[in-house]
Structure formats: structure tokens, C-alpha cells
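Structural overview
Given next are the chains, with one letter for each unit.
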Amino acid sequence: MLKARRKTGLIFFPAFDWAIDPTHPEREERLLYTQDQAMEEGLFDIEGLIEFKSQLVLEKDVQRTHFCVPDVSAMMTESHFISAGSAKRIGIAVMEKEIESGFALVRPPGHHAKRVVHGARGFCNVNIEAMMIEYLRFAYGVRKVAIVDTDCHHGDGTQDIYWHDPDTLFISLHQDGRTLYPGTGFPEDMGGPNAAGRTLNIPLPPRTSAEGFLHIIKNVVRPILDEFQPDIVVNSAGQDNHYTDPLTDMNFSAQGYAQLTEILRPDIAVLEGGYSIEGALPYVNLGIILAMAGMDYSKISEPGFDPDKIRQTEQVTRQVERIGETVLKIWKQRDELTEKRRAGKAFEERTNQIYYDTDGIYETQQEKVRICSDCAGALRIDSSSDRGARILAVHIPLHACEKCREIGRQWYDEADPRSYLRVFLQNRPDDEYLTKGLP
Amino acid sequence: MIIGLDVGGTHTDVVLLDKDGLLREIKVHTDELDLFHTVLSGIEQISRGIKPKAIERLVLSTTLTTNLIVQGINPDFGMIVLSGPGIDPEFFRTHEHYYVIGGALDHRGREVTPVDLGGLKKIVKKLRRADIRHVGVVGKFSSRNPVHELQVRDALKKYFRKIFLGHWISGSLNYPRRIATTFLNASVYPIHKNFFEAVQKTLEKHGLQVPIHILKADGGTMSFEASINYPGQTILSGPAASVMGAIPFSGDQEEALVLDIGGTTTDMAVILKRVPVLEPVGIEIAGFKTLIRALKTRSVGLGGDSVVKIMNGKITIGPERKGHAMAFGGPVPTTTDALCVLNMMPEGDAAKAAAGMKMLADELDRPVVETARAVFEHFCAEVVRHARSLVDDINSKPVYTVYEYWEGRQIKPDKILLLGGPAACFVDQIEKVSGVKTMAVPKCAMANALGAAFARTTCEVSLFADTERGIITAPEENYFEKISSAFTREDAQKKALELLEQKARRSGASRDDLEMDILENQQFNMVRGFSAAGRNIRIKAQVRPGLVSGYQVISEKLSKEMAMMNGARQICSKPDGKQD
Ligand SMILES: [Zn+2]
Ligand SMILES: [Zn+2]
């Protein structure tokens, strides 16, 4: 009888009644054919493949990760509560050893959602992986986490949330930002002064195929993960690198995704993008699930699949190899790079311009982080949107040192509520979330 | 008049009803090796002296197919499956004569790869050489489009006597289950057909020309003629019969747990507002996961005759059984013996029962009666614990839409109905432990036969419309039409109900019993290249399992009896050894 070699959990929440708008790629129909394929394959009958019921996240789970403007309820629809809650449920199942690994096949996605949220970007409001990870850190004392984002778009939201965190290794593989939304994610973007080299961006040239992806996973990502030794590995499993995806220009395949999963061995995978809803998703998702469960996936292929038609060129191969070497070099030099970035400064400031393409909002951030060799550093973000919402967000990291806690508190206390719509304090060590400002 | 007959492990219960109530009830001994004579003698005895013309309905619930499957199948038939991309179909191999051929459809029923007719020819030769006469043919996604299965059938027609097609079974998706179910249907087909033909012929000889209805695992009936292609649906009708028998005693607004306490097991089911809860996909039997619609039942090894032991100073009950209770000559102490010692059961040898309880009492170092009381209480607590876990299971079923999530009504039983010989003994204690109003069903020893007699004809229809492709199909019904792009979800619902009514009538339903529900009603806008290309509509409709019209009189009568019995104490009796 068919049996999973690794006990694998699934939450399937296709949100068949939720869409951004009726003809938007992020719509009701998106996971319909994946569900058809999963049902027809009898996936939920396989011994060792366990289907869980989705759960809800709580307001506090959102506050632990995000600063929502003006508040959590304004940014979360019912389906966001369930989609994020499903990722959280899978995380809990892994920590409780109900399963060895799990996959949250849910909508809506989250990897473009940054720490401060004024609206939806790249079809995302809130970052469901980050909320899950921060819950696991809070509830189970998980410390070191690696996130490998294999969506075709740069995981700029996740990158933003973990930019300063030396305990989180964020690796994003994506189509070169010069050719695709959101236009970011270059190797030189390697994390803040307290965590340089813990953000690794691997932009791949258009029309990279399985050969290129698997080269990077085997020769770059795997060795880095082995060295970093995370407590858990999370895969932001976007499927828009597929050769049939209408929004992107890559040449990845279902077999390729399955092999990638086998090498990556994620503890938790969370579905991100993927808009070739008939030609790719049913097969890619099936491949990922079987690979996670340690089962045979050799007979999976897309209708009309022809590897010769999508083979990458010599030029692409060379570019991929070159980018791999660059990233490995950054990883190896991460400690020196961190030193160099700090260069005796007490604080680092930067200005961020953020465009919310889904909602058409512009945001400007003045960000200030304390340079600290003992923790991720107290963080202060002064954020204004072109809708006239100005907020101040203060983040005290989970493992903050005394000094950073003190500075964070001080920033919050000193802020004049009359200048802002809201002033937020995200006090992670005490799991305390405060706001002040006009009601 | 209606005859209801339920074949049990030790005896077969038969009832005769008319619109005024229960006229006769008898039990005959079940001869597992000769079910034919068991069934016939049951019918003959109950109808003795009745004018054959007066009998308008005969419903049989037998263990025939269940036994065949549990005892192991003689796979003297072939299986041909069409593969498509996905899990290797070798994993679903049923037996030696199982062949995989090329040919694939996708999730919308579009052809991806044509049928490998050349390969099929070679397989036909092999099957013929092995002297095979029946064949099952199953394709992936055939419930979306049976074209490949039909092509294979056409190619096989002249070589084989009977060909079973996967899309007949169900509109549900599940290829491995479709293979297993087709396999089971093909395997029990000849015996099922011969058996009921023989019953029908013999009855006709006696002047009883009444259509035979057969009880299914979903608690509904189908005519014998309709069952020929799906004999597998008649498996495990026994537990379904009991649940149907309990329905008249649950209110139309109540959520009831039905607990049938037998000798070997306690069987559990849930009734919501007089409608039994069904398995989400299909029943599992002897390791086969199927697409056979069935009541959601759970059987736990916790019966009146289950072995009672002391482990680490604690009482444990079941799951195994070693024959009868000691009070009835068995070898080890049981809960039935505890009932004897507590003077709750008038039958049985009280001295032997006490000897059994003493064995346990010595180990516990407690008095005999106190021990019997502890066994009895533990038994009730275990029954309630398992019942709760069944309810939790139903409540934790995944949902796929935001609406279902937020509307997700949780089942909270407000009544427990007990069935089985000793049911009456347990009423008070189970009510106490569970905190839920509990009662024993009147005539509960006959509830199964009554359930069979009362059960309504049920069936299901699945319909898909794809306005981009311009097609509407209900593959189980062999229905295919072209539709225009203006076809709506309302049109689809109307069509589904129309097909359902036709099917129900063909299966023997009377007009009064067509209580139809739309089970699934989904419509998706298909968007290709940022503009709407069409609608994908999915409708599932059923005739709701329930009781035939006109049963109310009888159930009211029995309810009155129940009220009387609850006034006086109901007497409990020896559990029925379902699997002696
Ligand atoms: Zn994407
Ligand atoms: Zn610090």
C-alpha cells in the first residue's frame, strides 16, 4: 500500500470564495485544479499524509510581526486570518512532532508584506510565513530559522522583516529584478549592519530552467544551510518559476520543483505565488507534496512537457554559475562584511520608498537601527503614506540586550502622539504590543 | 405491507409492517454458509398466511457482499487502468491481472494523451489466455469525461462478457478509490447477481411478485435491477439498518448519537435532524478504501461480551472477545457478567457470572458487587469517550472556503439513542456520564429490520458544466450535452435535480420520497489572460437518506411504547453476538 516515508502534514485552504477582484490572478479559481488533482490522486488517503483543518491567527500573532496602519483589523480580511492561521497550524504540528514536515497550501499569499503595512503589495497584506515563524519563536523557543524563498518574485517583504535579524537566514531565488516586479533583490542587498550576509539574494536570468535552479540549490543553498544549522527551514514555495506562468519568464518544471524540495528538505513549506493555475499548479503542488513525504514522484509531468523546448542556454548557465559564486563569497565573508558595515557607528539610518502596487499607496520610511553586537538592535521606523497616515513604529527584538531595550522604550516614550496617527511599540522580549495616539 | 429483513451474524431479523404498525416480527437462525435459505425462510415465515398481493415492498439487508470481500476475493477477472501524469498507477495494483495502458485526461476532462489501443490489444490476448471473462476499466479523471473508458469498452466488448467502467460509480474524484471500488464491484458481481436472481425466482414461484429492494451502506435502498452494476454498494448495510431504525426516535431538530451496543462491538453513528451523517468520501472495508457512499459509522471493540481484564490495577475492556459471557458459558469475565451480578439482566447463570466477577474482584482486592459496579461504570465511560471522539472527528473535518470556516457549525449531540440487547441497562449511567439525554430505542432488538423496511431509495448525481468548453456532463448518468456560453448555475441545478429524479425513479423510489438536496454548488469564473473565458460549475445533488413516507404512524406508536417503557423499567437482554 502507498505510504509516506516521512510523516507529512497538509493544510489545504483554497479560499474558494475570496479574490482580490474577479479577473485578478489572485482569485477563487487559483487552487481549484490543484484541489482536483490532489483529490483525484487520492492524496489524503495516503498513510502518513495528514490533512489538518485550518485555524485562525490571533490579533497578537499579527502584532508580533507587523505594524498595521492604523490597526490589525484594517489590514486583515477573514481569509487572511485563516491563511496565516493555516501556516501557523502546520508550524505547530511540526513542533509538536505530529508530523515531520508540512505544507500549507493556502491563499492569500504573504511574502511581499513588509514590517509596516499600509495596504496590499504584490497581492499580499500580511506575511504569513513571518507570522508563523515569530509564533514558533514565542511558543517553542525556536531561535535560528532559515527561509528559502523559491517564488519567482523577490521576497522583499520577508527580506524587510528579517533585514536586521542575525538569527534568521533569508535566501531568495528569483527572476532578476531588472526584468520583474518588485524590481529588487540584488546580491549587494545582504542585510543590515547587525546581520550582514544573513540576507542572500540570488537573482537568476530570465529563462533559467531546472538545471540552473538545481545548480543553485545544490551548490549554494544547501551548503549554506548546512553551515548555518537552523532549527527549522521554511520554504516560501512560490510556483511562478514554471515555464507556463503568465506573469513571469522562467523555465522551471514540476519535476524540478520536486527535486528542489527533496534537496532543500524544508520543515515547513508555505505556498506563495503561481498563476499558471491549470498547466502548472496541479503538477507542481503534487510534486512538492510527494517529495516532502519522501515518495516517488517520477511519473509526474505537465501535459505536453518537453524538456528540450525549455532547456536553458549556455549563456544562462554561465550567468547562474557566476551569481552562485558571488553569493557564496558574501556568505563566507559575512562576519567581515558585518564589521565593515558597522564601522564604529552607533546607529545606521536609511530611507525606504515603498509602493503598494495592489492598493496604489506610496510610503516613505525613515528607518533607524542601533548598531549592536549583542542583538538585532533596537529599530525605529517613521513612516508616512501619501494617504496622510504617519506612524512611528518601535521594535525591540526578541533577544534584545539591555541597552537596546532601554533605547526602544525611550523612543516610544519620547514620541509625541500629536505628530502621528499612531505610535507603536513592538516589545518582543515581553511579548507586549502598545500603541498610543488619537483613538 | 412492507417486509424488512436484516441478516445478522447469529440471527436474521424480519418484520412485517403495514400502515397501522408493526404486524409481525420474527428471528431466524443465520446460516452464513447458506444465506439463500436463511433469507428465504425468513421471508416465508413472516409472510405465512398473508396474501402475496398485499406485500408491496421487500427490503433486504444482507451480509452477502460483505462476507465475500472480508473472506478474500477470488480475482478471476481483469483490471485495465489508464494512467496519466501523477502517482505511479502501479501503486494501486489490485491483483495479478492488472494492466496499465497509456491514455490521459486532465482535470477538466480534456484529452492529454490518446488511448494506447495497440497496447490494449496485447493485454486482451493475455487476459483471454488466462480465461478471463469480466473486466474493470478505470481512467484517471473519468468522472469528468468517460471518453477513454468508453473507447476501451468498445474495443473489449466482443471479447468479454461483462465490463465495469469506473465512471459508473461516482462523480467524486479519487482514482485509487475508483480502481478499488470497480475491483470490488467486478468481484462480487456474479455471486450478488445469482443470489438475488435465485431469491426473486423462488419468491415468484411462491406467487410473491414483489420488486426486491436492497439496503445500501448509505442507509438508502436500490432496486435489485439497479444494483447489478454496483453490487459493492450493498456492503455493510447492517450497521446502516440499525441507524435507520433509530431515526424515528430522534426529533426533527435534534442532533443524536446512535450507539448500538452488541456483544463484540459498539457501533456509533450521528443523526442530524433525522438525517444520518455520511462518510465524506466513501467507506473502507477489508483494507479497500472505496467511493461507496456510506453512513459515517465507527465500530469499537467494546461490547457486552468483550474481555474484561485488570491491568496495573485498572479495569480494561476489549477490544477482543472470547466467546460468550461467563453467565452464558463463556471462558472469561465480561460486562454482561457484571450486569448479571448487578441484577440488571434477568437471563444467564448468576453463579457463573459472579464467579467471573470474583476473578476480577480478587485482583482488585475489592468486593464482588463493587467490582461489577466498577466494570459497568467503566464500560459506560468508555462508550461515551469513543462517542465523543467520533463527534470530534466529524467536527475537525477540513473546510475549503471562508464561508464554511466562519459558518462551521459544530455538532453537539443533544440526545443519545441506545440500541442492542442490553441497551436498557446502560441508559441511566450513559446519561449521567455524558450529560446528554439518553434513551433506549423501543423494539431495539428489531431496529435493524425496521430500519431496512423504512429506508427510502437514495441516489446521487454529480454534474459539471464548463461554459468555456461548451459542455455539460453527468458521467454516472451517461449524460452529455452541449451548452451555450449563457448557461448558468441555476440551469445546472435544475438539470441536476431532473437527472436525480429520473435516476431515483429508475432505482425504485416512489414520488412521495423524493426529498432532494443540493449538496455542492460551486461556480468559478475561469479567467484566461486577464479576461473571463467562462464558468466552471459543479453541482452535486442527492436524494437524502431517510424514511419512506407513511412511517410516522408506526414510529408514533413505538414512541408511545417508549414512553410507557421509560415509565416502567425496560428489561435488558443478552447482547447479540454479531460476529459469533
Ligand atoms: Zn511570485
Ligand atoms: Zn542590542
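Structure's up top.
These notes cover the structure that comes with them. These numbers were taken from a predicted model, which means no experiment stands behind them. (Residues numbered from 1 in each chain as written. Chains lettered and ligands numbered in written order. Predicted model: local features only at pLDDT ≥ 70, side-chain atom pairs only at ≥ 80, totals over all residues. Heavy atoms only, no water.)

**Quick look at the overall build of chain B**
Secondary structure assignment for chain B yields 15 helices and 27 strands. By the compact-globule yardstick of 25 Å for 580 residues, chain B fits well, its C-alpha radius of gyration being 26 Å. By principal-axis analysis of the C-alpha atoms, chain B measures approximately 80 × 55 × 50 Å. Looking at chain B as a whole, 59% of its 580 residues qualify as buried. Residue pairs in contact within chain B that sit at least 24 positions apart in sequence constitute 66% of those at least 6 positions apart. Looking at chain B as shown, the accessible area adds up to about 23,200 Å², and 51% of this sits on carbon and sulfur atoms. With 73 positive and 68 negative side-chain charges, chain B shows a spacing of 5 Å between the two charge centroids. (Helix = DSSP H or I, 4+ residues; strand = E, 2+ residues; numbered from the N terminus. Rg over C-alpha atoms; globule rule 2.2 N^0.38 Å. Buried < 20%, exposed > 50% of the residue type's maximum accessible area, 1.4 Å probe, protein only. Contact = heavy atoms within 4.5 Å. Areas by Shrake-Rupley, 256 points an atom, 1.4 Å probe, with all protein chains shown as cover. Lys, Arg positive; Asp, Glu negative; His and termini not counted. Charge placed at Lys NZ, Arg CZ, Asp CG, Glu CD.)

**Regarding the overall build of chain A**
Scanning chain A from N- to C-terminus turns up twelve helices and 16 strands. Since a compact globule built from 439 residues should have a radius of gyration of about 22 Å, the 21 Å found for chain A is in line with a globular shape. Taken along its principal axes, the extent of the C-alpha atoms in chain A is 65 × 45 × 40 Å. For chain A, the proportion of its 439 residues judged to be buried stands at 65%. Of the contacts made within chain A by residues no fewer than 6 positions apart, 73% connect residues no fewer than 24 positions apart. If you sum the accessible surface of chain A, you get close to 15,200 Å²; carbon and sulfur atoms cover 47% of it. With 50 positive and 67 negative side-chain charges, chain A shows a spacing of 5 Å between the two charge centroids.

**Some remarks on the coordination of the zinc ion (ligand 2)**
Residues and elements named next belong to chain A. Donor atoms from the polypeptide that coordinate the zinc ion (ligand 2) comprise Cys372 (SG), Cys375 (SG), Cys401 (SG) and Cys404 (SG), at 2.2 to 2.3 Å from the metal. Classification of the site at the zinc ion (ligand 2) as tetrahedral follows from its four donor atoms and the range of 99 to 120° in their angles at the metal. The sequence motif formed by the donor residues of the zinc ion (ligand 2) is C-x2-C-x25-C-x2-C. A single burial state applies to cysteine 372 and to cysteine 375, both of which are buried. (Donors = N, O, S within 2.8 Å, 3.2 Å for Na, K, Ca; no water. Tetrahedral: all angles 85-135°; square planar, octahedral: opposite > 155°, others 65-115°.)

**With respect to the interface of chain A and chain B**
Every contact between the two is made by 48 residues of chain A and, on the other side, 45 residues of chain B. When the two sides are added together, the surface that chain A and chain B hide from each other amounts to roughly 3,900 Å², 58% of it contributed by carbon and sulfur. By the criterion of area lost to chain B, the three top residues of chain A are Glu40, Asp45 and Lys53 of chain A, representing 18% of everything that side buries. The interface formed by chain A and chain B holds ten salt bridges in total. Taking the shortest distance from any N to any O, the salt bridge between arginine 538 of chain B and aspartate 36 of chain A comes out at 2.6 Å. Where chain A meets chain B, there are 23 residue pairs in polar contact (both at pLDDT 80 or more). Of all the elements in the fold, those that place two or more residues in the side of chain A that touches chain B are β1 (3-13), α1 (32-40), α4 (78-95) and α9 (281-292) of chain A. Per element, the largest residue contribution to the side of chain A that touches chain B is seven residues, and it comes from α1 of chain A. Of the residues contributing to the side of chain A that touches chain B, the split by class is 26 nonpolar, eight polar and 14 charged. (Buried area = accessible area lost by both parts, 1.4 Å probe. Salt bridge = Lys/Arg side-chain N within 4 Å of Asp/Glu carboxyl O. Polar contact = N/O pair within 3.5 Å; in protein donor to acceptor, adjacent residues only side chain to side chain. Nonpolar A, V, L, I, M, F, W, Y, C, P; charged D, E, K, R; others polar.)

**Some details on the nonpolar core**
Ranked by size, the top nonpolar core spans 142 residues in total, and within it Phe103, Leu173, Ile202 and Val221 of chain A together with Leu156 of chain B carry the most contacts. Top element by residues in this core is helix α5 (residues 175-205) of chain B. It accounts for eleven residues. Of all hydrophobic cores here, the second largest spans 76 residues; its members include Ile261, Leu342, Met345 and Ala440 of chain B. (Core = buried A, V, L, I, M, F, W, Y, C linked by side-chain atoms within 4.5 Å.)

**Topic: the packing of aromatic side chains**
Residues and elements named next belong to chain A. The full count for this structure, using the stated rule, is 21 aromatic pairs over all chains. With 6.2 Å between their ring centres and 55° between their planes, tyrosine 135 and phenylalanine 138 make a pair best called tilted. Residue tyrosine 135 and its partner phenylalanine 138 are located together in helix α5 (residues 128-140), separated by three residues, close to a single helical turn. According to the relative accessible area criterion, tyrosine 135 is buried, its value standing at 16%. (Phe/Tyr/Trp six-rings, centres within 6.5 Å; stacked < 30°, edge-to-face > 60°.)

**Considering the pattern of salt bridges**
Oppositely charged side chains may form a pair once their charged atoms are brought near each other. Scanning the model with the defined rule gives 67 salt bridges over all chains in all. Across the pair glutamate 254 of chain B and lysine 437 of chain B runs a salt bridge, and its minimum N-O distance is 3.5 Å. Of this pair, glutamate 254 of chain B sits in the loop between α7 (237-246) and β13 (255-261) while lysine 437 of chain B sits in the loop between α12 (423-434) and β22 (438-440), placing them 183 residues apart in sequence. The exposure class of lysine 437 of chain B is partly exposed, given its relative accessible area of 42%. Beyond isolated ion pairs, a larger network of salt bridges with shared partners links Arg27, Glu29 and Glu278 of chain A together with Asp106, Arg108, Arg110, Asp466, Glu468 and Arg528 of chain B.

**Remarks on the coordination of the zinc ion (ligand 1)**
Residue and element names in this part refer to chain A. Every protein donor of the zinc ion (ligand 1) is accounted for by Asp151 (OD), His153 (ND1) and Asp240 (OD), and the metal-donor separations fall at 1.9 to 2.0 Å. Written as a sequence motif, the donor arrangement for the zinc ion (ligand 1) is D-x1-H-x86-D. Within this pair, whereas aspartate 151 is found in the loop between β6 (145-149) and α6 (156-162), its partner aspartate 240 is found in the loop between β9 (232-237) and α8 (254-264), the two being separated by 89 residues in sequence. Look at aspartate 240 and you get buried, because its relative accessible area is 0%.

**Looking at helix α7 (residues 210-228) of chain A**
Residue and element names in this part refer to chain A. Look at α7: 25 Å from first C-alpha to last across 19 residues, which is about the 27 Å you get at 1.5 Å a residue. Where α7 bends most, the angle comes to about 35°, and this point is isoleucine 217. Contacts made by the buried residues of α7 are with β6, β7 (168-175), β8 (199-204), β9, α8 and α10 (314-332). (Expected span 1.5 Å × (residues − 1). Bend = angle between axes of the 7 residues up to and from the residue.)

**Describing the state of the cysteines**
By the definition in use, this model includes zero disulfides over all chains. The cysteine cysteine 124 of chain A is free of any disulfide, with cysteine 68 of chain A supplying the nearest cysteine sulfur at 13 Å. (Disulfide = S-S within 2.5 Å.)

**A word on the sheet that holds strand β25 (residues 479-482) of chain B**
Residue and element names in this part refer to chain B. Sheet architecture is open: five strands sit in the order β25-β24-β23-β27-β26, paired in antiparallel fashion. Lying at the two open borders of the sheet, with one neighbouring strand each, are β25 and β26 (516-528). For this sheet, the mean inter-axis angle between neighbouring strands, taken without regard to orientation, is 10°. Direction of pairing for strand β23 (residues 460-466) relative to strand β27 (residues 531-543): antiparallel, over a ladder of seven bridges. Opposite valine 461, over in β27, you have alanine 541 as the bridge partner. (Pairing = 2+ DSSP bridges. Axes fitted to C-alpha atoms, helices over the stretch in contact; angles between N-to-C directions.)

**Let's talk about the packing of α7 of chain A against α8 of chain A**
All names here are of chain A. Interhelical geometry of α7 versus α8 gives an angle of 10° and a closest axis separation of 10 Å. Here α8 runs roughly parallel to α7, going by the angle between their axes. The segment α7 lies against α8, with Ala210, Leu214, Ile217, Lys218, Val221, Arg222 and Leu225 engaging Gly256, Gln259, Leu260, Ile263 and Leu264. A per-class count over the contact of α7 with α8 returns eight nonpolar, two polar and two charged. (Parallel < 35°, antiparallel > 145°, perpendicular 65-115°, else oblique.)

**Considering the pairing of strand β2 (residues 11-18) of chain B**
All names here are of chain B. In terms of burial, β2 is a largely internal element, six of the eight residues being buried. In the sheet, strand β1 (residues 2-7) pairs with β2 via six bridges, with the strands oriented antiparallel. Directly across from valine 7, in β2, lies its bridge partner threonine 12. Counted between consecutive antiparallel strands, the loop separating β1 from β2 contains three residues. Examined bridge by bridge, β2 and strand β3 (residues 21-29) share eight bridges and lie antiparallel to one another. Counterpart to aspartate 18 in the pairing with β3 is glycine 21. Count of turn residues in the β2/β3 antiparallel hairpin: two residues.

**Side note on a positive patch on the surface**
All names here are of chain B. Residues Lys121, Lys122, Lys125, Lys126, Arg129 and Lys158 make up a contiguous surface patch of positive charge. Looking at the secondary structure, you find lysine 121 in helix α3 (residues 117-129). In this structure lysine 121 comes out as exposed when scored by relative accessible area, which is 64%. (Patch = residues over 30% accessible without salt bridge, like charges linked within 9 Å, V, L, I, M, F, W, Y side chains within 5 Å.)

**Topic: the sheet that holds β8 of chain A**
Residues and elements named next belong to chain A. The sheet built from eight strands is open, its strands ordered β2-β1-β4-β10-β9-β6-β7-β8 with parallel pairing. Among the strands making up the open sheet, the edge pair consists of β2 (47-51) and β8. The sheet shows a mean angle of 15° between the axes of neighbouring strands, direction not considered. Across three bridges, the pairing between strand β4 (residues 101-106) and strand β10 (residues 268-271) is parallel. Bridged to alanine 104 within β10 is valine 270.

**Describing the environment of threonine 371 of chain B**
All names here are of chain B. Mapped onto the fold, threonine 371 is located in helix α10 (residues 368-395). In this structure, the C-alpha to C-alpha distance between threonine 371 and aspartate 34, residues 337 residues apart in sequence, is 43 Å. Each residue touching threonine 371, except ones within four places of it in the same chain, is listed here: Met357, Leu360, Ala361, Leu364 and Arg366. One polar contact links the side chain of threonine 371 to the main-chain carbonyl oxygen of proline 367, over a distance of 2.8 Å.

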